[in-house]
Amino acid sequence: MKRHLNRVLDHDVDRMVCRGDLAAALAVFEAAPRLKKLRPVDAAARFAIESALQQRRYCNAFALWQTCRNKQCRHQGACCGDADICLKLGLVRIPHEVQWRVRQTIIDATPHNIGAPERKARQSMPGDLYA
């Protein structure tokens with residue numbers, strides 16, 4: 001990268017505004033921190049939000065809306081109510097192997113550049129998500 005930069009600078013030296021300004025900007029860019037560390041409060045909030053979304057994903061994947069007491073869930077064909085209670089009550093009927101397979105499908109569909117709190121929530125088993 002440095003060799004390429006020097007070649008560009010040497011080739012276009014007459015077009016550059018100031019070589020020193022460019023070098024200073026590059027030095028600041030290289031010294032900048034790569035990753036922003038999350039505060040524990042922010043990480044916990046992001047984990048809680050993603051856990052609630054993950055509960056709803058599990059409810060929809062297991063089709064718990066078909067036997068839900070909430071009429072709106074059955075009408076919409078998806079979980080619209082309290083996913084925490086639905087998951088807690090419906091998980092008893094779902095075999096562990098099916099739970100694991102659905103979890104693997106969700107993990108495989110997870111983008112690689114997702115944040116750590118979101119990744120931790122998506123890697124949780126369904127039984128770990130409700131209180």
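Provided above is the structure to which this section pertains.
Residues numbered from 1 in each chain as written. Predicted model: local features only at pLDDT ≥ 70, side-chain atom pairs only at ≥ 80, totals over all residues. Heavy atoms only, no water.

Asker: I'm lost on the overall build of the protein in this one. Help?
Answerer: In terms of regular secondary structure, the protein is built from seven helices and zero strands. The linear arrangement of helices and strands in the protein, starting from the amino end, is α-α-α-α-α-α-α. Counting the 131 residues in the protein, one finds 25% classified as buried. Restricting the contact set of the protein to residue pairs at least 6 apart, pairs at least 24 apart contribute 59%. (Helix = DSSP H or I, 4+ residues; strand = E, 2+ residues; numbered from the N terminus. Buried < 20%, exposed > 50% of the residue type's maximum accessible area, 1.4 Å probe, protein only. Contact = heavy atoms within 4.5 Å.)

Asker: Sorry if this is basic, but what is going on with the side chain of serine 51 here?
Answerer: Along the polypeptide, serine 51 turns up in helix α3 (residues 40-61). Owing to a relative accessible area of 9%, serine 51 belongs among the buried residues under this scheme. Only 2.8 Å separates the side chain of serine 51 from the backbone oxygen of phenylalanine 47, close enough to count as a polar contact. (Polar contact = N/O pair within 3.5 Å; in protein donor to acceptor, adjacent residues only side chain to side chain.)

Asker: I'm lost on unusual backbone geometry in this one. Help?
Answerer: Excluding glycine, most residues fall at negative phi; most peptide bonds, likewise, are trans. The backbone of alanine 63 shows a phi angle near 55°, a positive value even though the residue is not glycine. Tracing the backbone through its elements, the reader meets alanine 63 in the loop between α3 and α4 (71-76). Assessed through its relative accessible area of 23%, alanine 63 is described here as partly exposed.

Asker: Explain the packing of α3 against helix α5 (residues 83-90) to me, please; I cannot follow it from the model alone.
Answerer: In a packed pair of helices, the relevant descriptors are the angle between the two axes and the axis-to-axis distance. As a packed pair, α3 and α5 sit with axes 9 Å apart at the nearest point and diverge in direction by 50°. Overall, the two elements α3 and α5 adopt an arrangement that is oblique. In terms of crossing hand, the pair formed by α3 and α5 is left-handed. Between α3 and α5, the residues in contact are Gln55, Arg56, Tyr58 and Cys59 and Ala83, Asp84, Cys86 and Leu87, respectively. Among the residues making up the contact of α3 with α5, the classes are represented as five nonpolar, one polar and two charged. (Axes fitted to C-alpha atoms, helices over the stretch in contact; angles between N-to-C directions. Parallel < 35°, antiparallel > 145°, perpendicular 65-115°, else oblique. Left-handed = near helix turned anticlockwise from the far one by under 90°. Nonpolar A, V, L, I, M, F, W, Y, C, P; charged D, E, K, R; others polar.)

Asker: Is there a simple way to think about the pattern of salt bridges in this case?
Answerer: Side-chain pairing between opposite charges can occur once the charged atoms of the two side chains come close. Applying the stated rule across the entire model yields five salt bridges. The shortest N-O distance in the salt bridge between arginine 46 and glutamate 118 comes to 2.8 Å. Here the residue arginine 46 occupies a position in helix α3, and glutamate 118 occupies one in helix α7 (residues 116-122), the gap between them amounting to 72 residues. By relative accessible area, which is 31% here, arginine 46 ends up partly exposed. (Salt bridge = Lys/Arg side-chain N within 4 Å of Asp/Glu carboxyl O.)

Asker: I keep staring at the environment of alanine 52 and nothing clicks. Help me out?
Answerer: Tracing the chain through its elements places alanine 52 in helix α3. In this structure, the C-alpha to C-alpha distance between alanine 52 and tyrosine 130, residues 78 residues apart in sequence, is 8.9 Å.

Asker: It is not clear to me how the state of the cysteines should be interpreted in this structure. Could you clarify?
Answerer: One covalent bond between the sulfur atoms of two cysteine residues makes up a disulfide. Scanning the model with the defined rule gives zero disulfides in all. Cysteine 79 forms no disulfide, and the closest cysteine sulfur to it belongs to cysteine 59, at a distance of 4.3 Å. (Disulfide = S-S within 2.5 Å.)

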